[in-house]
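A look at the structure
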Amino acid sequence: MLRKIILNLIILLTLVFIASCSKTTVTPPLEFQKQLLAGTGSFQNTQHVWQLDSTKINGVNSVLTTVQKNYKKTFTFDGGYSDTDNNTGKWEIATLNKLKQTFFYQLTNKQDSTVYDIVSINSAQMSLSIKLTNGQTAIYSFKITN
């Protein structure tokens, strides 16, 4: 009888141990999108640098200049932003697929913000869409450089 109780206790403890080790934490979609944009904040994953790869205006490819081809945006996991035009600021994704960038322009000492629709984002590429003041839609495609 005692042997049966001990055997059942060992089986129960083994099952509890196995169940506790097999837990998987699922990252919510909003947090995952933030991590794709700017990193997780863990060792050597504190920022992502995105280089402009192509631009489309109303679905038509635009030819990029050399300066545009070298344009980069840097997003840090803690919400910081900078680009190769020497602008700084902050970013936030409060709603899935909506990237808000607040810019602090160095030359004019002014602040402005822009909201982009995130068309797609993964660990290598990102496409952002915005409605221009002339009513046209621009899609900016970036590739990750780090």
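It should be emphasised that the depicted structure is a prediction, and the values quoted were computed from it without experimental measurement.

Further remarks concern the pattern of salt bridges. In this structure the tally under the stated criterion is one salt bridge. The closest approach of N and O atoms between Asp-117 and Lys-98, which form a salt bridge, is 2.4 Å. Taken as a pair, Asp-117 in strand β7 (residues 110-121) and Lys-98 in strand β6 (residues 98-105) lie far apart in primary sequence, 19 residues in all. Owing to a relative accessible area of 37%, Lys-98 belongs among the partly exposed residues under this scheme.

The pairing of strand β5 (residues 88-95) with β6 spans six bridges and is classified as antiparallel. Paired with Glu-92 across the bridge in β6 is Lys-100. What sits between β5 and β6 in their antiparallel hairpin is a turn of two residues, with Asn-97 showing a positive phi close to 70 degrees. Across eight bridges, the pairing between β6 and β7 is antiparallel. Within β7, the residue paired with Leu-99 across the bridge is Tyr-116. Connecting the antiparallel pair β6 and β7 is a turn made up of four residues, with Asn-109 showing a positive phi of about 60 degrees.

A word on the pairing of strand β4 (residues 80-83). Successive residues of a regular strand alternate their side chains across the two faces of the sheet. Burial of the side chains of β4 is restricted to one face: Tyr-81 and Asp-83 are buried, whereas none of Gly-80 and Ser-82 on the reverse face is. Direction of pairing for strand β3 (residues 72-76) relative to β4: antiparallel, over a ladder of three bridges. If you follow Thr-74 over to β4, its bridge partner there is Ser-82. Hairpin connection, β3 to β4: the antiparallel pair is bridged by three residues, and Gly-79 has positive phi, about 100 degrees. Pairing between β4 and β5: three bridges, direction antiparallel. When the bridges of β5 are listed, Gly-80 appears paired with Lys-90. Hairpin connection between β4 and β5: a loop of four residues separates the two successive antiparallel strands, and Asn-86 in this loop has a positive phi of roughly 65 degrees.

Thresholds applied
- Residues numbered from 1 in each chain as written.
- Predicted model: local features only at pLDDT ≥ 70, side-chain atom pairs only at ≥ 80, totals over all residues.
- Heavy atoms only, no water.
- Salt bridge = Lys/Arg side-chain N within 4 Å of Asp/Glu carboxyl O.
- Helix = DSSP H or I, 4+ residues; strand = E, 2+ residues; numbered from the N terminus.
- Buried < 20%, exposed > 50% of the residue type's maximum accessible area, 1.4 Å probe, protein only.
- Pairing = 2+ DSSP bridges.

Spatial relationships are all this shows, so hold off on functional conclusions.
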